[in-house]
2 protein chains.
Amino acid sequence: MTTSIKDVARAAGVSPATVSRALGKGPVSEALRAQVLEAVRATGYRPNLAARRLRSQESGTIGLVLADIGNPFFTGVARAVEAAAYEAGLRVLLCNTDEDPAREAAYLALMQEERVAGLILAPTRATAEGLAEAPPAMPVVLIDRPGPPGLFDSVLLDNAGASAALVDYLVAQGYRRIAGLFGQTSGTGVERAEGYRAAMARHGLAPALRFVLPQVEAAEAGFAALCQQGRPEAMITSNSLLLMGLLRAARGAGLRIPADLALAGFDNEPWTGLVEPGITVIEQPLEAIGRQAMALLLERLRTPSAPVRKVMLSGRAILRGSTASAPPRPQSSTKTPPPSSFTL
Amino acid sequence: MTTSIKDVARAAGVSPATVSRALGKGPVSEALRAQVLEAVRATGYRPNLAARRLRSQESGTIGLVLADIGNPFFTGVARAVEAAAYEAGLRVLLCNTDEDPAREAAYLALMQEERVAGLILAPTRATAEGLAEAPPAMPVVLIDRPGPPGLFDSVLLDNAGASAALVDYLVAQGYRRIAGLFGQTSGTGVERAEGYRAAMARHGLAPALRFVLPQVEAAEAGFAALCQQGRPEAMITSNSLLLMGLLRAARGAGLRIPADLALAGFDNEPWTGLVEPGITVIEQPLEAIGRQAMALLLERLRTPSAPVRKVMLSGRAILRGSTASAPPRPQSSTKTPPPSSFTL
DNA sequence: CTGAAAGCGCTTACAG
DNA sequence: CTGAAAGCGCTTACAG
């Protein structure tokens, strides 16, 4: 059917082994290499990767299993992973689980069948919990979402710290009744909720939080639930889809931002700076997350027995109009204008 | 190393051929099948896809080569393609060229090396032009962007018609000096520019257009260029990144929309409805594009000699505040409020 | 229905 | 440096 290494060998007047060496790293004389290359051009030969992988027992591929390719956070990380993989001479097999543990399981099986060298994975909570009992057959680096402690290399944002910083800032701006809406499918949502809870407690404030599916519609419902016992002065959320949902719901309710409701969340997506007022967000270092994950994976492949590493990256708060100072209270003092961003 | 079909055969007390048949579609007695399945579970066997592909000469995979995975248009199409492929029992190999013809060429070669059954491709202009002389070795369905006429199945928006409709609508709203900013890397940008030019001519208006790279920054520069000879009353653009750039530039220049400048573009991204005023856009049927492309590819695989098909899909205009009526002119008549959307 | 054997297209010790 | 041969893990005619 298609041309094989034999056809090239015949055309070049050499053995198949020589063709293989000329195309790979084997030792070949310059003269023969030139003959082979010419024959490759003449025949239009393209190596068959399935055969190469089967024989060499190396896939030259890593897997990247993400929860939602429509989320710019993951798109950004994927770009960085792909760039780093390319530089390392590896290909990336990208899969999108859509936050569905069943699809996730299917893709993990697929990765195994493809014999990928390693895996970069942003697991759903369900999968993250199962990872301890049924670990994948290849090295795994977790990103964005925590797994069972101490078992896998991971690259995470300081999630609790970031949402605590958001609470601290809102409190400094004069807000007190601060509610939180968090994604229920990821460990990230859980960690951010914990940071929120801890910071609220530290300030002596009562927490009011809800967990929902990370979807725009779910956030609109969550908004209503959070307003059940009187409207909060501010809301924070763990995910940009939820942030969009809250904004829509607030507008639908005719609320002015931030006068009636302050808003803050995660991920500095373009739209958060385009709406008016702009929305205060924690910007995650997408590029660094992707590259760091790839670096950890490469080291793990090189040294399987090295101790497990957990890399915590810091975000940056982008301060915008959605969290401008709350209306003055009796006890509040005068404030200087806030900085427009700070590192956590 | 990892368990193979031989290990399963030994554990089940059958031949490797029987294992293969039990796992595939071959005829096997129920008793043996059960034994095999049990042995598979016991051994934790996972088939080696490289071996399977090599032997069966079927990759069970199609390639999807896109220009920009960060663009929600392509993300949406990719989801639809993947869903349709899954239903057809095929996998999808997704590659992102970033509008770079060199990367595109590398990925097309890779697709060949992976022996994918077929390809769904959104080509850059450079690649689209070369497709006639150097056609890929497998069936190709073009999406979003035109290729050499009559050579490949394709699924396209009626690009010229859509941008003409935008011009018509702006004219009906009372705008006259309408400028256009178009992406220069894709045939789509060219077609949309043509539709713009034709519609302007039909209305007896002078066109003013620029081609730029499909990037936010390039659009900001393009904005300045279009304002060189006096500011237009309205601008249309062929791409959502360019639309974002125009909006930023307009705001940076302190322009009110639509009073100082009306704005319209393509792709109904969430942010276009979140900014105020909302931006008028042509919404493309992402799901239909992806599914139609997959359908064409499947038919092509079934009937290689069938005549080439070109499917033109229609978009839907989403009318928002960014194109509200222009300030009345002497000759303009009274208008009824516009509908909020219409099909092209 | 079942098994023994051949072979997909490569790479890689093994000789020379 | 070069070639002949073996073999990666499967599937699939070919017999039975």
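Worth saying up front: this structure is predicted, and the values here are computed from it rather than measured.

Draft legend 1. Inspection of the overall build of chain A at higher detail. Scanning chain A from terminus to terminus reveals 13 helices and 13 strands. A compact globule built from 344 residues would reach a C-alpha radius of gyration of about 20 Å, whereas chain A, at 26 Å, exceeds it by more than 25%. In terms of principal-axis extent, the alpha carbons of chain A reach across some 90 × 40 × 35 Å. The buried share among the 344 residues of chain A stands at 51%. Once local pairs closer than 6 in sequence are excluded, the contacts in chain A between residues at least 24 apart make up 67%. For chain A, the accessible surface area stands at approximately 14,900 Å², while carbon and sulfur atoms represent 56% of it. With 35 positive and 31 negative side-chain charges, chain A shows a separation of 3 Å between the mean positions of the two kinds.

Draft legend 2. Expanded view of the interface of chain A and chain B. The partner chain B presents 38 residues to the 38 residues of chain A that form the contact. Summing both partners gives a buried area of about 3,500 Å² for chain A against chain B, and 54% of it is carried by carbon and sulfur. Where chain A packs against chain B, one counts twelve salt bridges. When the shortest N-O distance is used, the salt bridge between A:E114 and B:R53 registers 2.8 Å. For the pair chain A and chain B, the interface holds 18 residue pairs in polar contact (both at pLDDT 80 or more). Of all the secondary structure elements, the ones that give two or more residues to the side of chain A that touches chain B are α4 (49-56), α5 (72-87), β2 (91-96), α6 (101-113), α11 (240-252) and α12 (270-274) of chain A. At six residues, the largest contribution of residues to the side of chain A that touches chain B is made by α6(A).

Draft legend 3. Representation of the packing of aromatic side chains. The final tally for this structure, using the stated rule, is six aromatic pairs over all chains. Plain terms: the ring middles of A:F182 and A:Y196 are 5.6 Å apart, the flat faces sit at 50° to each other, and that makes the pair tilted. With a gap of 14 residues between them, A:F182 in strand β6 (residues 178-183) and A:Y196 in helix α9 (residues 187-202) connect regions that are remote in the sequence. The residues A:F182 and A:Y196 share a single accessibility class, namely buried. Judged by centre distance (5.0 Å) and plane angle (75°), the ring pair of B:F73 and B:F74 falls under edge-to-face. On the basis of relative accessibility, which here comes to 3%, the residue B:F73 falls in the buried class. One residue, A:R192, lies across the ring of A:F266, its end atom 3.9 Å from the ring centre.

Draft legend 4. Spatial organisation of the relation of the copies chain A and chain B. Take chain A, turn it by 180°, move it 0.0 Å along the axis, and it overlays chain B with an RMSD of 0.0 Å. Each copy turns onto its partner about a two-fold axis. In this assembly the copies share their binding face: 100% of the residues contributing to the interface of chain A also contribute to that of chain B.

Draft legend 5. How the structure looks around the UniProt feature "domain: HTH lacI-type" (unreviewed entry) in chain A. When the UniProt feature table is mapped onto this chain numbering, "domain: HTH lacI-type" (unreviewed entry) sits at residues 3-56 of chain A. For the annotated span residues 3-56 of chain A, helix accounts for 70% and strand for 0% of the residues, and the straight-line distance between the end C-alpha atoms is 20 Å.

Draft legend 6. Fine view of the side chain of A:D260. All names here are of chain A. Mapped onto the elements of the fold, D260 is located in the loop between α11 and β9 (262-266). With a relative accessible area of 17%, D260 lands in the buried category. Residues within four places of D260 in sequence aside, it is in contact with R231, P232, E233, G254 and L255.

Draft legend 7. Spotlight on the packing of helix α2 (residues 16-23) of chain B against helix α3 (residues 30-43) of chain B. Residues and elements named next belong to chain B. Two elements in contact, α2 and α3, have axes whose closest approach is 9 Å; the angle formed by their N-to-C orientations is 90°. Classified by the angle their axes make, α2 and α3 are roughly perpendicular. Residues T18, V19, R21, A22 and L23 of α2 form the contact with α3, whose participating residues are L32, R33, V36, L37 and V40. Residue composition of the contact of α2 with α3, grouped by class: seven nonpolar, one polar and two charged.

Draft legend 8. Region of interest: the protein's contact with DNA strand D. Within the structure, DNA strand D sits among 24 residues, and A:T18, A:R21, A:R55, B:S20 and B:R55 are positioned closest to it. Counting only the atoms of DNA strand D that lie within 4 Å of the protein, the sugar and phosphate share comes to 61%. B:R52 has a polar side-chain atom sitting 2.8 Å from a phosphate oxygen of DNA strand D. Looking at the surface near DNA strand D, the elements with two or more residues in it are α2 (16-23) and α4 of chain A together with α2 and α4 (49-56) of chain B. Here the surface near DNA strand D is composed, by residue class, of eleven nonpolar, seven polar and six charged.

Draft legend 9. Quick peek at the protein's contact with DNA strand C. In the vicinity of DNA strand C there are 24 residues, among which A:S20, A:R55, B:T18, B:R21 and B:R55 approach most closely. Looking at DNA strand C alone, sugar and phosphate atoms form 61% of those within 4 Å of the protein. Within the side chain of A:Y45, an N or O atom sits 2.8 Å from a phosphate oxygen of DNA strand C. Measuring from a phosphate oxygen of DNA strand C, one finds a side-chain N or O atom of B:T18 at 2.5 Å. For the surface near DNA strand C, the secondary structure elements donating two or more residues are α2 and α4 of chain A together with α2 and α4 of chain B. Residues belonging to the surface near DNA strand C are distributed by class as follows: eleven nonpolar, seven polar and six charged.

Draft legend 10. Focus on the sheet that holds strand β5 (residues 153-157) of chain B. Residue and element names in this part refer to chain B. One open sheet accounts for six strands, arranged β2-β1-β3-β4-β5-β11; its pairing is parallel. This sheet does not close on itself; its edge strands, each paired only once, are β2 (91-96) and β11 (310-313). Geometrically, the sheet is characterised by an average inter-axis angle of 15° between neighbouring strands, direction not taken into account. Two elements, strand β3 (residues 118-121) and strand β4 (residues 140-143), share three bridges in a ladder whose sense is parallel. Bridge pairing in β4 places L121 opposite L142.

Draft legend 11. Region of interest: the nonpolar core. By size, the foremost hydrophobic cluster in this structure holds 53 residues, and its most contacted members are A:L263, A:W271, B:F223, B:M235, B:L263 and B:W271. Residue assignment for this core shows that the elements contributing at least two residues are β6, α10 (216-227), α11 and α12 of chain A together with β6 (178-183), α10 (216-227), α11 (240-252) and α12 (270-274) of chain B. Of all hydrophobic cores here, the second largest spans 32 residues; its members include A:V65, A:L93, B:V65 and B:M111.

Draft legend 12. Local environment of the environment of B:P136. All names here are of chain B. Relative to the helices and strands, P136 is located in the loop between α7 (125-130) and β4. Spatially, the C-alpha atoms of P136 and D98 are 20 Å apart, while their sequence positions differ by 38 residues. Apart from the residues within four sequence positions on either side, P136 is in contact with L131 and F152.

The rules behind each value
Residues numbered from 1 in each chain as written. Chains lettered and ligands numbered in written order. Predicted model: local features only at pLDDT ≥ 70, side-chain atom pairs only at ≥ 80, totals over all residues. Heavy atoms only, no water. Helix = DSSP H or I, 4+ residues; strand = E, 2+ residues; numbered from the N terminus. Rg over C-alpha atoms; globule rule 2.2 N^0.38 Å. Buried < 20%, exposed > 50% of the residue type's maximum accessible area, 1.4 Å probe, protein only. Contact = heavy atoms within 4.5 Å. Areas by Shrake-Rupley, 256 points an atom, 1.4 Å probe, with all protein chains shown as cover. Lys, Arg positive; Asp, Glu negative; His and termini not counted. Charge placed at Lys NZ, Arg CZ, Asp CG, Glu CD. Buried area = accessible area lost by both parts, 1.4 Å probe. Salt bridge = Lys/Arg side-chain N within 4 Å of Asp/Glu carboxyl O. Polar contact = N/O pair within 3.5 Å; in protein donor to acceptor, adjacent residues only side chain to side chain. Phe/Tyr/Trp six-rings, centres within 6.5 Å; stacked < 30°, edge-to-face > 60°. Lys NZ or Arg CZ within 6 Å of the ring centre and 35° of its normal. Least-squares fit on C-alpha atoms with pLDDT ≥ 70 in both. UniProt positions renumbered as here; feature names shortened; annotations may be inferred. Axes fitted to C-alpha atoms, helices over the stretch in contact; angles between N-to-C directions. Parallel < 35°, antiparallel > 145°, perpendicular 65-115°, else oblique. Nonpolar A, V, L, I, M, F, W, Y, C, P; charged D, E, K, R; others polar. Near = heavy atom within 4 Å. Pairing = 2+ DSSP bridges. Core = buried A, V, L, I, M, F, W, Y, C linked by side-chain atoms within 4.5 Å.

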